[in-house]
Amino acid sequence: MTVKELLKLDEFEAVNISDDSRIIKGGYCGDLLSWVMGRAEEDNVFVTIMVNVNVIAVASLINVSCVVICENAELSDELINAAKQKEINLIKTPLASFEACACLSNLINA
Amino acid sequence: MSEAINFHYVVDGDDFTSAGEASVDIKRKLRQLGVDPAIIRRVSIAMYEGEVNMVIHADGGTVDVNVYEDKIEMILSDEGPGIVNVELAMKKGFSTAPDYVRSLGFGAGMGLPNMKSYTDGMQIDTKIGVGTTITMVVNLK
């Protein structure tokens, strides 16, 4: 599945999209960034409720295909600008992490 | 042996959110040098954890990255309080980070263990009240 395909769903809203052709191969969900860095893999979707700019640095280092921020957590301009600058696909959803992952898992394995 | 390529960074201790600037930059530099992406990932993640540690515990510091023909060496130096018990600090889940750091998603006690697991060699030289120097090596061959 590509980021573009994911964005066709109403639940997932684009905040910053730098490359919607990125392919999503699996995912990792977590809010403790060291765990995420230790476990997430390139081309994963990174699902979190964390909204500080370190999220973007971690996403960039791992080279995830996109970041999904759950529960419509409030996004600061600083975060959105960091995503733009580092060319990170940033998506938000009203779904809770569990529901978002269930949904993404179905889509990825479809 | 040919000379190493050196990159020097100063890590600002005041700004937690800017931690990672050096690691993201080194990632770009190594890509330009044509280093294997899997190696770049290991180097930049290990370095990011080190940067975050310096910001949390030591009011910043410096990072020197030396790229040799056969290895990449990262030397992270700070003038912080030093690590009281290195063995304990290396344990997964052990952390002395303050609560505000946890609210930012760090302080899970995974920093040093991640740094060790992502590198081929790590040495910690620390002195209480003087500072800490961590040298990490990732082999290129």
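This structure is a prediction, so every number in the text was calculated from the model and none was measured.

Chemist: I tried to follow the overall build of chain A on my own but got confused; where do I start?
Modeler: Across its full length, chain A holds five helices and five strands. The order of helices and strands in chain A, counted from the N terminus, is α-β-β-α-β-α-β-α-β-α. In terms of overall size, chain A behaves like a compact globule, its C-alpha atoms giving a radius of gyration of 12 Å where 110 residues would be expected to give roughly 13 Å. C-alpha extents for chain A along the principal axes are approximately 35 × 25 × 25 Å. Evaluated residue by residue, chain A yields a buried proportion of 48% over its 110 residues. Within chain A, contacts between residues separated by at least 24 positions form 47% of all contacts whose residues are at least 6 apart in sequence.

Chemist: Mind showing me how you'd approach the packing of aromatic side chains here?
Modeler: The way to describe two aromatic rings as a pair is by their centre distance and the angle between their planes. All names here are of chain B. This structure, assessed with the given rule, holds one aromatic pair over all chains. Consider the rings of Y48 and F106, whose centres lie 6.0 Å apart with planes at 65°: the pair is edge-to-face. Note that Y48 is positioned in helix α2 (residues 37–58) and F106 in the loop between α4 (99–103) and α5 (111–118), a separation of 58 residues in sequence. Here Y48 falls in the buried class, since its relative accessible area comes to 0%. Geometry around Y68 places K71 over its ring, the cationic atom sitting 5.2 Å from the centre.

Chemist: Explain the packing of α2(B) against α5(B) to me, please; I cannot follow it from the model alone.
Modeler: How two helices sit against one another is set out by the angle between their axes and by the gap between those axes. Residues and elements named next belong to chain B. Their axes nearest at 9 Å, the elements α2 and α5 cross at an angle of 155°. Comparing their axes, α5 and α2 come out roughly antiparallel. Considering how the two elements wind past one another, α2 and α5 form a crossing that is left-handed. Seen from α2, the contacting residues are R41, R42, I45, A46, E49, G50 and N53; seen from α5, they are G111, L112, N114, M115 and Y118. Looking at the contact of α2 with α5, its residues break down into five nonpolar, four polar and three charged.

Chemist: How should I be thinking about the environment of B:N6 in this particular structure?
Modeler: Residues and elements named next belong to chain B. Note that N6 resides in strand β1 (residues 5–12). Given the relative accessible area of 42%, N6 is considered partly exposed. Distance from N6 to M74, taken between C-alpha atoms, is 9.8 Å for residues 68 residues apart in sequence. Not counting the four nearest positions on each side in its chain, N6 is found in contact with D64, V65 and N66. In terms of polar contacts, N6 uses its side chain to reach the side chain of D64, at 3.4 Å. Side chain to side chain, N6 and N66 meet in a polar contact 2.7 Å long.

Chemist: I keep staring at the interface of chain A and chain B and nothing clicks. Help me out?
Modeler: Reports often express the size of an interface as the amount of accessible area lost when the parts come together. In this assembly, 22 residues from chain A lie in contact with 22 residues from chain B. The interface formed by chain A and chain B contains zero salt bridges. Inspection of the region where chain A meets chain B yields nine residue pairs in polar contact (both at pLDDT 80 or more). When residues of the side of chain A that touches chain B are traced back to their parent elements, those giving at least two are α2 (33–39) and α3 (54–62) of chain A. Here the side of chain A that touches chain B takes six residues from α3(A), the largest share from any one element. Split into classes, the residues belonging to the side of chain A that touches chain B amount to 11 nonpolar, six polar and five charged.

Rules and cut-offs
Residues numbered from 1 in each chain as written. Chains lettered and ligands numbered in written order. Predicted model: local features only at pLDDT ≥ 70, side-chain atom pairs only at ≥ 80, totals over all residues. Heavy atoms only, no water. Helix = DSSP H or I, 4+ residues; strand = E, 2+ residues; numbered from the N terminus. Rg over C-alpha atoms; globule rule 2.2 N^0.38 Å. Buried < 20%, exposed > 50% of the residue type's maximum accessible area, 1.4 Å probe, protein only. Contact = heavy atoms within 4.5 Å. Phe/Tyr/Trp six-rings, centres within 6.5 Å; stacked < 30°, edge-to-face > 60°. Lys NZ or Arg CZ within 6 Å of the ring centre and 35° of its normal. Axes fitted to C-alpha atoms, helices over the stretch in contact; angles between N-to-C directions. Parallel < 35°, antiparallel > 145°, perpendicular 65-115°, else oblique. Left-handed = near helix turned anticlockwise from the far one by under 90°. Nonpolar A, V, L, I, M, F, W, Y, C, P; charged D, E, K, R; others polar. Polar contact = N/O pair within 3.5 Å; in protein donor to acceptor, adjacent residues only side chain to side chain. Salt bridge = Lys/Arg side-chain N within 4 Å of Asp/Glu carboxyl O.

Interpretation note: all reported values are geometric properties and have no functional meaning in isolation.
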